[in-house]
Amino acid sequence: MKNIIVISDTHGSIPDNQTLWEAFDNADFIFHLGDGKNEIAKLKEIYKDKLYYVYGNCDAMSSGLEQVVEIEGVKFFLTHGHNYKVKSSDILLQLRGEELGADCCLYGHAHIPTINKIGNIQLINPGSLKYSRTYCYMSVINDKVLAKIVELRS
């Protein structure tokens, strides 16, 4: 079993929340899905061996916009989502996930926490740490992904 914390859209800061930082410390992996270039740099310093990330539309980066990560037999497609128009529909994201053979597509951009399963693909948006104050806690067990949206409390 592997535990993963998925965050996105930090837009300038990661909350000083003890529960969140304990989750980072205890997780096997941390995924940042963009719009937080400075926060990604900070997390790289602290958690370089367990951090995977992509950049978003507000990060002004032309590379590092997508990544495929395989953990315990589960293939994750990481993207910010702006290139797939996720604010209006998840069909382009789903099609890209299918093209890549992904089991789970992780995206941000919309700031709305969502967990959907379409066909054989899970589509998960952890929301925004800054705006919705949410993240996703995932466990990979026996080639399956169990995911839960967690709301930060003050």
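Procedures and definitions
- Residues numbered from 1 in each chain as written.
- Predicted model: local features only at pLDDT ≥ 70, side-chain atom pairs only at ≥ 80, totals over all residues.
- Heavy atoms only, no water.
- Helix = DSSP H or I, 4+ residues; strand = E, 2+ residues; numbered from the N terminus.
- Buried < 20%, exposed > 50% of the residue type's maximum accessible area, 1.4 Å probe, protein only.
- Contact = heavy atoms within 4.5 Å.
- Patch = residues over 30% accessible without salt bridge, like charges linked within 9 Å, V, L, I, M, F, W, Y side chains within 5 Å.
- Areas by Shrake-Rupley, 256 points an atom, 1.4 Å probe, with all protein chains shown as cover.
- Salt bridge = Lys/Arg side-chain N within 4 Å of Asp/Glu carboxyl O.
- Lys, Arg positive; Asp, Glu negative; His and termini not counted.
- Charge placed at Lys NZ, Arg CZ, Asp CG, Glu CD.
- Pairing = 2+ DSSP bridges.

Peer 1: Teacher, can you tell me more about the environment of Cys104 here?
Peer 2: Residue position: Cys104 is located in strand 6 (residues 104-106). Given a relative accessible area of 0%, Cys104 falls into the buried group. The residues touching Cys104, leaving out its near neighbours within four places in the chain, are Lys75, Phe76, Phe77, Gln122 and Ile124.

Peer 1: How should I be thinking about a negative patch on the surface in this particular structure?
Peer 2: The grouping of Glu70, Glu72, Asp103 and Asp143 at the surface amounts to a negative patch. Here Glu70 lies in strand 4 (residues 66-71). Glu70 gets classed as exposed once you look at its relative accessible area, which sits at 56%.

Peer 1: Would you take a moment to explain the pairing of strand 8 (residues 121-125) for this structure?
Peer 2: Looking down a regular strand, the side chains alternate between one sheet face and the other. Burial of strand 8 is extensive: five of the five residues sit out of reach of the surface. Residue alternation in strand 8 divides its side chains into two sets, Ile121, Leu123 and Asn125 and Gln122 and Ile124, and both sets are buried. Examined bridge by bridge, strand 6 and strand 8 share three bridges and lie parallel to one another. What sits directly across from Cys104, in strand 8, is Gln122. Here five bridges tie strand 7 (residues 114-118) to strand 8, and the two strands are oriented antiparallel to one another. Across the sheet, the residue bridging to Thr114 is Asn125, located in strand 8. The hairpin turn running from strand 7 into strand 8, its antiparallel successor, is two residues long, and Gly119 in that turn takes a positive phi close to 65 degrees.

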